Amino acid sequence: MKAIVLEAADKPLAWKEVAKPTIGPGEALVKIKAAALNRRDYWITIGKYAGIKYPTILGSDGAGIVAEVGSEADKHWIGQEVIIDPGYGWGDNPNFQSDDFKILGLPDDGTFAEYVKVQAQHLHHKPAHLTWEQAAALPLGGLTTYRALFTKGKATKGDKVLITGVGGGTGTFALQWALAAGCEAFVTSGSDDKIEAAKQLGATAGVNYKTADWAEQLQKLAGGFDVIIDSALGDGFAKLPDICNPGGRIVIFGGTAGNIPPLNGRKIFWRQLQILGTMMGNPDEFTAMVDFVNKHQIVPVVSEVLPLARGGEAVSSMEHSSQFGKIVLQA
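Read on for a plain summary of the structure. Just so you know, these numbers come straight off a predicted model, no measurement behind them.

A short note on the overall build of the protein
When its secondary structure is counted, the protein shows nine helices and 18 strands. For 331 residues, the compact-globule formula gives about 20 Å, and the C-alpha radius of gyration of the protein, at 20 Å, lands near that figure. With respect to the principal axes defined by its C-alpha atoms, the protein has extents near 55 × 40 × 35 Å. Here the protein, with 331 residues, has 51% of them falling under the buried criterion. Taking the intrachain contacts of the protein between residues at least 6 apart in sequence as the baseline, contacts between residues at least 24 apart amount to 71%. Split by element, the accessible area of the protein, about 14300 Å² in all, is 50% carbon and sulfur. Charged side chains in the protein number 31 positive and 35 negative. The centres of these two groups are separated by 3 Å.

Description of the nonpolar core
Grouped together as the largest cluster of nonpolar side chains are 49 residues, with contacts concentrated most on Leu149, Phe150, Ile163, Leu175, Trp177, Ile229 and Met289. Of all the secondary-structure elements, those providing two or more residues to this core are strand S3 (27–36), helix H2 (132–136), helix H3 (139–152), strand S11 (160–163), helix H4 (169–180), strand S12 (184–189), strand S14 (225–230) and helix H8 (283–296). Per-element tally for this core: the top contributor is H3, with six residues. In this structure Met289 touches Leu138, Pro139, Gly142, Leu143, Tyr146 and Trp177, once residues within four positions along its chain are discounted. Val69, Leu104, Val116 and Met318 belong to the second largest nonpolar core, which has 38 residues in total.

Focus on the packing of aromatic side chains
Both the distance between ring centres and the angle between the ring planes are used here to describe each pair of aromatic rings. Under the defined criterion, the tally for this structure stands at eight aromatic pairs. Ring plane angle 75° and centroid distance 5.5 Å describe the contact between Phe186 and Phe225, whose orientation is recorded as edge-to-face. With Phe186 in strand S12 and Phe225 in strand S14, this residue pair connects regions lying 39 residues apart in the sequence. Grouping residues by exposure puts Phe186 and Phe225 together as buried. Above the plane of the ring of Trp132 lies Lys126, whose end atom (NZ or CZ) is 5.2 Å from the centre.

A word on the pattern of salt bridges
A complete count under the given rule lists ten salt bridges for this structure. In this structure, Asp61 and Lys326 form a salt bridge, with 3.1 Å as the shortest nitrogen-oxygen distance. Note that Asp61 is positioned in strand S5 (residues 61–69) and Lys326 in strand S18 (residues 326–330), a separation of 265 residues in sequence. There is no split in this pair, since Asp61 and Lys326 are both buried. Asp242 serves as the salt-bridge partner of Lys267, at 2.5 Å between the closest nitrogen and oxygen. Of this pair, Lys267 sits in helix H7 (residues 265–270) while Asp242 sits in the loop between S14 and strand S15 (244–252), and the two are 25 residues apart along the sequence. Residue Lys267 is classed as partly exposed on the basis of its relative accessible area of 33%. Looking at Asp242, the relative accessible area reads 37%, which means it is partly exposed.

Here we look at the environment of Ala19
Along the chain, the position of Ala19 falls in the loop between strand S2 (14–17) and S3. Judged by its relative accessible area of 66%, Ala19 is exposed. Spatially, the C-alpha atoms of Ala19 and Lys75 are 24 Å apart, while their sequence positions differ by 56 residues.

Quick look at unusual backbone geometry
Residue Pro55 follows Tyr54 across a cis peptide bond; omega there is -10°. Residue Pro107 is bonded to the preceding Leu106 through a cis peptide linkage, with omega at 10°. As for its placement among the helices and strands, Pro107 is situated in the loop between strand S8 (102–103) and strand S9 (115–119). Positive phi, normally seen in glycine, also occurs at Met280, with a value near 45°. Checked against the element boundaries, Met280 lands in the loop between strand S16 (274–277) and H8. Despite not being glycine, Gln297 shows a phi value in the positive range, around 55°. Among the secondary structure elements, Gln297 is positioned in the loop between H8 and strand S17 (302–307). We classify Gln297 as partly exposed; its relative accessible area is 47%.

A word on the layout of surface pockets
Counted as a void, the second largest pocket has a volume near 220 Å³. Contributing to the lining of the second largest pocket are 14 residues, with Met1, Ala19, Pro21, Ile57 and Asp109 lying nearest its centre. At three residues, S9 tops the list of elements feeding residues into the lining of the second largest pocket. Partitioned by chemical class, the residues of the lining of the second largest pocket number ten nonpolar, two polar and two charged.

Concerning the side chain of Asn282
Structurally, Asn282 can be placed in the loop between S16 and H8. A polar side-chain atom of Asn282 sits 3.2 Å from the main-chain carbonyl oxygen of Pro94.

Conventions adopted
Per-chain numbering applies: the sequence of each chain, read as written, is numbered from 1 onward. Where local features are concerned, this predicted model is filtered to residues with pLDDT of at least 70; where side-chain atom pairs are given and counted, the filter is 80 or more; whole-chain, interface and lining totals use all residues. Water and hydrogen atoms were dropped before computing side-chain values, which therefore reflect all heavy atoms in the structure. Think of it this way: any DSSP run of H or I at least four residues long counts as a helix, any run of E at least two long counts as a strand, and we number them from the N terminus. Here the globule rule reads 2.2 Å times residues to the power 0.38, and the radius of gyration is calculated from C-alpha atoms. In this scheme, a residue with accessible area under 20% of its type's maximum is buried, one over 50% is exposed, and one in between is partly exposed, where area comes from a 1.4 Å probe on protein chains only. Contacts are assigned to residue pairs with any non-hydrogen atoms lying within 4.5 Å of each other. The accessible surface values rely on the Shrake-Rupley method and a 1.4 Å probe; as for residues, cover is taken only from the protein chains in view. Here the positive residues are Lys and Arg and the negative ones are Asp and Glu; neither His nor the chain ends is included. Here the site of a charge means NZ on Lys, CZ on Arg, CG on Asp, or CD on Glu. What we call a nonpolar core is a set of buried Ala, Val, Leu, Ile, Met, Phe, Trp, Tyr and Cys residues that are connected through their side-chain atoms within 4.5 Å. Any two rings among Phe, Tyr and Trp, with Trp reduced to its six-membered ring, count as a pair given centres within 6.5 Å; such a pair is stacked if its planes are under 30 degrees apart, edge-to-face if over 60, and tilted if neither. In this scheme, the term charge over a ring applies when either NZ of a lysine or CZ of an arginine sits within 6 Å of the ring centre and within 35 degrees of the ring normal. The working definition used for a salt bridge is a side-chain nitrogen of Lys or Arg within 4 Å of a carboxyl oxygen of Asp or Glu. Put plainly, a pocket is an open set of points on a 1 Å grid over the protein atoms alone with protein on both sides within 12 Å along at least five of seven lines, a cavity is a set where a 1.4 Å probe fits but cannot get out, and a lining residue has an atom within 4 Å of a point. Grid points are joined across faces, edges and corners, and a volume is the space filled by probe spheres set on the points. Three categories are distinguished: nonpolar for Ala, Val, Leu, Ile, Met, Phe, Trp, Tyr, Cys and Pro, charged for Asp, Glu, Lys and Arg, and polar for the others, with Gly belonging to the last. In the analysis that follows, any N or O atom pair within 3.5 Å is treated as a polar contact, provided that within protein one partner can donate a hydrogen and the other can accept it, and provided that, for residues neighboring in sequence, both atoms belong to side chains.

Right under this line is the structure:
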C-alpha cells in the first residue's frame, strides 16, 4: 500500500510504498476513504511534539470501510462504513487520561495511508448524512471541543459562548456545537474574512483580536460570557477573566500564542470564575459526540480537499493557518 511517511527530522513527508499492516486479535484493518489534518500533524513534522519517532505514518482522523478484523466477535464490522476514535488508552477515570494514553498517528501509524490498523473497539458507524470527507473531519477536533464545551464548560441552552481564534478545525467545531446546543456564540479571529464566515455559520458577532480594544468590543457586544473556549493562550489571555460573567468558565487546550501571562487572581476568586484545562476526550464522550452530530445533522466545515498523495503539501500549508474548517485528504 502507499502512505505518507515522516522518515526523518530533516526530510519532507514522503508518499511511498510501505507494507500493508497485519492485524491481531481485537484489531481491525480499515481501508481509508478520507483522512483529515490536525495542527498536531504540522507540529510533528517540524519537530515540536513529544515522543516523535521515525519512520511514522501521520494522521489521527480517518473514515473508511472495515476490510478485515482479527477476532470472531468483531466480524459484524466487516464492510461497515466507519470513523475512528483516535484516542487510545484513556483509562478508568473519565476526568483525565492515563499515563498510557496515546493518539493515533504517533506513536502508532495513522490514517494518511491506504489502510490503517486500529483497535476494533475504537470503530464507530459513520454518520449517514455525511460524505467521506466530512466524516473524516470529525474525530479529533470534534471530540476535543465537545469535551471542552460540554463536559468542562458545562454549556447549556441560552449561555453566551466565546470561541477565540475561530477558523481552524477546533474553532469551527466549537462554534457548531454551541449553536446546535442553543447557545449564543461570539468569535474572535485575526482575519475579518474568517469572522464573516463564522457569522454565516450562525455566530452573533465577532471581533478581530489584532485590534487593541478587542476585549472591550466584545464586552459591549455580549455583555459578558458564560463560557470561553480558548486554544491560543498568550498575552491576550489576561483579558479573558474581565469579560466573563460571574461563575464563568474559561476552558483551554493548546497554546499556539504562548504561555498564560500573570493574572489578577482576585478577579477570579471574587467572581467565582473557573479556568479549566482539557485535551481530547474519553470513549463515552466520543460516542456522545457522534450521537450529537446525528441528532442535530451537523455537517463539519471542510476548507479544502486534496488527494492523499499531496498530503505533505497539505501539512506544510497549515503553517499559515489560512483555512476555515478542516483540510481533508481523499484516498
